[in-house]
Amino acid sequence: MPVSLLGKALSAIAGKVTPTELMALQTKFPWVKYDVQLMELRKKLEKAQEDLMRGGFLIDKFEARVAIHPQKAMLVFEDCVFTYEFMNEQANRVAHTAQQLGLKSGDTVAVMISNDPAFVWTTLGFQKMGITVALINVNVRTKALIHCVLAAEPKAFVVGAGEDLLLAVTDVLEELKGLPVYVQGQSPGQLPAGMTDFDSLMGRAMPVQPDPSVRAEMTYDSAMTYFYTSGTTGFPKPVYISQRKALFYAGSLSAVDLSPEDIVYVVLPLYHVMGGATGLYGVMSKGCTMVLRRKFSASRFWSDCRRHDVTVIPYVGEVFRYILAQPKHELDTVHKVRVAFGNGLRKDIFEEVLLRFRIPQICEVFGSTEGVAVNHNIANRPGAVGRLSPFLTLSDPNPSVLVKFDYSSAMPLRDQHGRCIKVNSGEAGLYLNKVPDHMLSNGTLELYKASRAANESKVVRHAFAEGDVYFNCGDILYLDEEYFLYFYDRIGDTFRWKGENVSTTEVANIMCSPDFIQDVNVYGVEIPGHSGRAGMAALTLSEGERMTPERLKQVYKVCQDDLPFYARPLFLRILPEARMTGTFKQHKVEFVQQGYDIAKVKDDLYYQDSKAKTYSPLTPKALVLFLQSKL
């Protein structure tokens, strides 16, 4: 490309050309308009971050909002309205309770509370004292629960209301190594020995504001909270969220011009980054109102939005898949939602959401809880998770890149000089983000509260120059001809069969095409005497549907017609309902472990029957014959 054209393009991205010059440039590079759009977004987010940083920490933002509009609704929950003033008074009680318990700035407290107003005022109260909060997934149990709590090294553990949470913690109380446990929503007489009633302590505390000097030692690098990885491939790890990163989350909704007038509908768990950080932190920083549901309900989603005049929806892709599975209604387009903001929306789902519900903007973002960068798709381009054009890369001090990689190690391949190898447009590559200098401490990147080895496993050093540091997202992406970026697979969700790499996402997308299938969970299972893993798919049928011989033939035909031979699942498992983690991610570990073992799997199982050209029921006799055949 001529230097003059490159300079012109970069000037256009920086907003330094006239409209006429920009139009001329777009005739040669039609996609530059999207780069200009994203550069403007980058400036907007940088300004939002600067503005937030000038006003102290996130807890300071909340207290400032209380002073500005104390009687404004901060939270709407189960027909009750909680004002900013009330939430602040409750948080003050928590702060004084913490002080009475001997907790201080720099300590960590583990919190396991469902979506409830108490989650908000409890975490805010600890923040007033400069105490780090580890947010425990309310669905983890036994060994995983013990691991999550102890991994954060807390000084106390606060458990929310609900018999299910109380029983979960009671079961592991002896393994918590004497950690003080405080329980909400229970009378003292109902609690087992070794647990203390938190509500009584809080009720005796004053609702007055603690002096901010109690958190004077807090800095922007101090840990504000720990969110946890999903744990789909092992025990969850606590992800370190600094005060600086929390402010970044708070400012992220500036991408869609969040204002105090907005009403944000949160159906995702508050212990999840999209519900608790993007949703709650955004509400706190802007002073708007959050409508909170205890649990997501697909059938009540749009009626709630209409009832509360919701304008902004944080989402994960599975939420919309369940909503689309609901019967169509004449009021589907009657709402005030102006934007949906989230991630994981497949291309076909994206298109259907736009068509059916007429949401003016869907802002798909791409990143991870522990990540160092976020991509945005603000062009309403179905399926895209952002852009990675040459112009944007040149103008970014911390660029992202797609590189060739080794499936077995999940690490980049290197050339003869020891450097990473960039992929071509249209070719799938491992996604790396250059780590900003301010995130490095003496050359190290602290992502998790875990061992140095666990943190270093996500780092790629000397990628393109001596001393550079990149974050390995572990995701495989690809670019189209207009430099839009698309998700291809997580490297851990890819398996090898017949010497070929199989993308679970690609297989699932194709197998979802029959209208009687709601969801497909694809994974690899071991077969004795064969290297690699064979494909297996757990199918969830649409509501009211059942699997029939005709439909099994249809599934078989889809696989034969649209998938290469090595990617066609050898086994099917029919689930009575989708099985998801608390953050709407598919269960994989348990399914992989159970495989096609008839003794372990109580769901209906089928195998690829090439002779009958269908999937046939898997019986003990059929399994023996199938495994003896030439797979």
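Scroll up to find the structure.
Residues numbered from 1 in each chain as written. Predicted model: local features only at pLDDT ≥ 70, side-chain atom pairs only at ≥ 80, totals over all residues. Heavy atoms only, no water.

**A look at the overall build of the protein**
At step 1: What the protein contains, in helices and strands, is 20 helices and 32 strands.
At step 2: Computed over the C-alpha atoms, the radius of gyration of the protein is 26 Å, within 12% of the 25 Å expected from 2.2 N^0.38 for a compact globule of 631 residues.
At step 3: The principal-axis extent of the C-alpha atoms belonging to the protein is close to 75 × 70 × 55 Å.
At step 4: Expressed as a percentage of its 631 residues, the buried residues of the protein come to 56%. (Helix = DSSP H or I, 4+ residues; strand = E, 2+ residues; numbered from the N terminus. Rg over C-alpha atoms; globule rule 2.2 N^0.38 Å. Buried < 20%, exposed > 50% of the residue type's maximum accessible area, 1.4 Å probe, protein only.)

**Digging into the nonpolar core**
At step 1: Core analysis: the largest hydrophobic core is formed by 150 residues, its most contacted members being F126, I136, F157, Y281 and F301.
At step 2: Considering each element in turn, this core owes the most residues, seven residues, to helix α11 (residues 273-286).
At step 3: A538, V555, Y566 and F571 belong to the second-largest nonpolar core, a separate cluster that totals 45 residues. (Core = buried A, V, L, I, M, F, W, Y, C linked by side-chain atoms within 4.5 Å.)

**With respect to the packing of helix α7 (residues 142-151) against helix α8 (residues 163-172)**
At step 1: Packing of α7 against α8 brings their axes to within 9 Å, and their N-to-C directions diverge by 85°. Considering the angle they form, α7 stands roughly perpendicular to α8. For the pair α7 and α8, the contacting residues are T142, L145 and I146 in the first and A168, V169 and V172 in the second. (Axes fitted to C-alpha atoms, helices over the stretch in contact; angles between N-to-C directions. Parallel < 35°, antiparallel > 145°, perpendicular 65-115°, else oblique. Contact = heavy atoms within 4.5 Å.)

**Focus: unusual backbone geometry**
At step 1: For N380, which is not glycine, the phi torsion reads 55° and is therefore positive.
At step 2: Phi is positive for N442, which is not a glycine, with a value near 55°.
At step 3: Among the secondary structure elements, N442 is positioned in the loop between β21 (440-441) and β22 (444-445).
At step 4: A residue is classified by how much of its surface remains accessible, and N442, at 79% relative accessible area, is exposed.

**Quick notes on helix α18 (residues 549-562)**
At step 1: Taking 1.5 Å of rise per residue, the 14 residues of α18 would be expected to cover 20 Å, and the 20 Å separating its terminal C-alpha atoms lies within 8% of that figure.
At step 2: Buried within α18 we find R551, L552, V555, Y556, V558 and C559. When α18 is viewed along its axis, its buried side chains cluster within an angular range of 155° and face the same direction. Of the exposed residues in α18, the ones pointing more than 90 degrees away from its buried face are P549 and E550.
At step 3: Contacts made by the buried residues of α18 are with α17 (504-511), β28 (517-525), β30 (571-575), β31 (604-609) and β32 (614-617). (Expected span 1.5 Å × (residues − 1). Arc of directions from axis to C-beta.)

**Some details on the sheet that holds strand β9 (residues 238-242)**
At step 1: Strand order across the open sheet formed by seven strands is β7-β6-β5-β3-β4-β8-β9, with mixed pairing between neighbours. Every other strand in the sheet has two partners, leaving β7 (195-197) and β9 as the edge strands with one partner each. Here the strands of the sheet are splayed against their neighbours by 25° on average, with no regard to which way each runs.
At step 2: Here strand β5 (residues 156-159) runs beside strand β6 (residues 181-183); their pairing, made up of three bridges, is parallel. Within β6, the position partnered with V159 by the bridge is V183.
At step 3: Of the strands in this sheet, β8 (223-228) and β9 are in contact with helix α10 (residues 243-252), which crosses β9 at around 85°. (Pairing = 2+ DSSP bridges.)

**Points about the sheet that holds β30**
At step 1: Within the open sheet, the five strands sit side by side as β28-β29-β30-β31-β32. Their pairing is mixed. Both outer strands of the open sheet, β28 and β32, are each paired with one neighbouring strand and no more. Direction aside, the axes of adjacent strands within the sheet are offset by 30° on average.
At step 2: Packed onto the sheet, helix α20 (residues 620-628) meets β30, β31 and β32 and runs at close to 35° relative to β31.

**Some points on the pattern of salt bridges**
At step 1: In total, this model carries 30 salt bridges according to the counting rule given.
At step 2: In this structure, the salt-bridge partner of D309 is K336, at a minimum N-O distance of 3.5 Å. Here D309 is found in the loop between α12 (301-307) and β12 (312-316), whereas its partner K336 is found in the loop between α13 (317-324) and β13 (339-343), with 27 residues between them in sequence.
At step 3: Overall, the relative accessible area of 34% leaves D309 in the partly exposed class.
At step 4: Take K336: its relative accessible area is 54%, and that puts it in the exposed class. (Salt bridge = Lys/Arg side-chain N within 4 Å of Asp/Glu carboxyl O.)

**A closer look at the packing of aromatic side chains**
At step 1: Counted by the stated rule, this structure contains 25 aromatic pairs.
At step 2: With a centroid separation of 5.6 Å and an interplanar angle of 75°, the aromatic rings of F464 and Y470 are classed as edge-to-face.
At step 3: Among the residues examined, Y470 registers a relative accessible area of 7% and is labelled buried.
At step 4: One aromatic cluster is present, formed by Y265, F296, F301, W302, Y322 and F357 through successive ring pairs. (Phe/Tyr/Trp six-rings, centres within 6.5 Å; stacked < 30°, edge-to-face > 60°.)

**Some details on the pairing of strand β11 (residues 289-292)**
At step 1: Judged by which residues are buried, β11 turns out to be covered on both faces: T289 and V291 on one side and M290 and L292 on the other are all buried.
At step 2: Where strand β1 (residues 73-77) lies against β11, three bridges are found, and the strand directions are parallel. Bridge pairing in β11 places V76 opposite V291.
At step 3: Bridge count for strand β10 (residues 263-266) against β11 is four bridges, and the pairing is parallel. Across the sheet, residue V264 finds its bridge partner in β11, namely M290.
At step 4: Assessed by its sense of winding, the connection that carries the chain from β10 through α11 to β11 is right-handed. (Right-handed = clockwise from strand over helix to strand, strands pointing away.)

**Focus: helix α3 (residues 32-54)**
At step 1: Its 23 residues place the ends of α3 33 Å apart at the C-alpha level, agreeing with the 33 Å of an ideal helix rising 1.5 Å per residue.
At step 2: Turning to α3, its buried residues are V32, Y34, D35, V36, L38, M39, L41, L45, A48, Q49 and L52.
At step 3: Just downstream of α3 lies G56, where phi reads positive at about 90°.

**Details of the environment of N380**
At step 1: Inspection of the secondary structure puts N380 in the loop between β15 (375-377) and β16 (384-387).
At step 2: It is 8.2 Å that separates the C-alpha atoms of N380 and E364, two residues lying 16 residues apart in sequence.
At step 3: From its side chain, N380 meets the backbone oxygen of P360 in a polar contact 3.2 Å long.
At step 4: Here I362 takes part through its backbone nitrogen, which lies 3.0 Å from a polar atom of the side chain of N380. (Polar contact = N/O pair within 3.5 Å; in protein donor to acceptor, adjacent residues only side chain to side chain.)

Honestly, it's all geometry; don't read function into it.
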